[in-house]
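Geometric and topological summary
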Amino acid sequence: QERLVESGGGLVQPGGSLRLSCTASVDTSGYSAIGWFRQAPGKERAEREGVACIDRDGRASYADPLKGRVTMWRDKKMMYLQMTNTKATDTAVYYCAASSYWGSCSVVNGKGGDFGMDNWGKGTLVTVSS
């Protein structure tokens, strides 16, 4: 399994912005789908939520509640997530993930499960608080 490592988490004031990075051990363009997901503190993996996703054609998809506030892009071995106008409810561990086989970004509005992703990072905690 290829390695994914998130970075950029930390404390963000409400209304502020954040930018997370994910470093992959391989070129992310080789994945069928890549994405960002989040799990709020105290929640289980089954309650993990989709945030953003890029399919093999380079099309980005975003979870409906986050559209307009979230942008995802990739560059070689890097994956990025930018979020603006953050809220306290954005507090979560954010994970980058990738699908090696037949992944689809149709799952971005889903919750729980593995979202069709077979490769996950360990996550980076984002805390939105004043």
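What counts and what doesn't
- Residues numbered from 1 in each chain as written.
- Predicted model: local features only at pLDDT ≥ 70, side-chain atom pairs only at ≥ 80, totals over all residues.
- Heavy atoms only, no water.
- Helix = DSSP H or I, 4+ residues; strand = E, 2+ residues; numbered from the N terminus.
- Rg over C-alpha atoms; globule rule 2.2 N^0.38 Å.
- Buried < 20%, exposed > 50% of the residue type's maximum accessible area, 1.4 Å probe, protein only.
- Contact = heavy atoms within 4.5 Å.
- Areas by Shrake-Rupley, 256 points an atom, 1.4 Å probe, with all protein chains shown as cover.
- Lys, Arg positive; Asp, Glu negative; His and termini not counted.
- Charge placed at Lys NZ, Arg CZ, Asp CG, Glu CD.
- Core = buried A, V, L, I, M, F, W, Y, C linked by side-chain atoms within 4.5 Å.

Re the overall build of the chain
- Within the chain, the secondary structure is distributed over 0 helices and 11 strands.
- Listing every helix and strand of the chain by position from the N terminus yields β-β-β-β-β-β-β-β-β-β-β.
- Taking 14 Å as the expected radius of gyration for a compact globule of 130 residues, we find that the chain reaches 13 Å, a close match to that expectation.
- A principal-axis box enclosing the C-alpha atoms of the chain has dimensions of 40 × 25 × 25 Å.
- Counting all 130 residues of the chain, 44% fall into the buried class.
- In the chain, the share of contacts with a sequence separation of at least 24, taken over all contacts with a separation of at least 6, comes to 67%.
- A total accessible area of about 6600 Å² is found for the chain, and carbon and sulfur atoms account for 47% of it.
- Each charge class in the chain was averaged separately, 16 positive and 13 negative side chains, and the resulting centres sit 4 Å apart.

Remarks on the nonpolar core
- Grouped together as the largest cluster of nonpolar side chains are 26 residues, with contacts concentrated most on Trp 36, Val 51, Val 70, Met 72, Leu 81 and Tyr 94.
- Going through the elements one at a time, strand E3 (18-24), strand E4 (33-39), strand E5 (49-55), strand E7 (70-75), strand E8 (78-83), strand E9 (92-99) and strand E11 (124-128) are the ones with two or more residues in this core.
- Sequence-distant contacts of Val 51, defined by excluding residues within four places in its chain, comprise Trp 36, Phe 37, Arg 38, Ser 61, Tyr 62, Ala 63, Leu 66, Val 70, Leu 81, Tyr 94 and Val 108.
- Among the nonpolar cores identified, the runner-up in size contains 10 residues, and Ala 33, Phe 37, Tyr 95 and Ala 97 belong to it.

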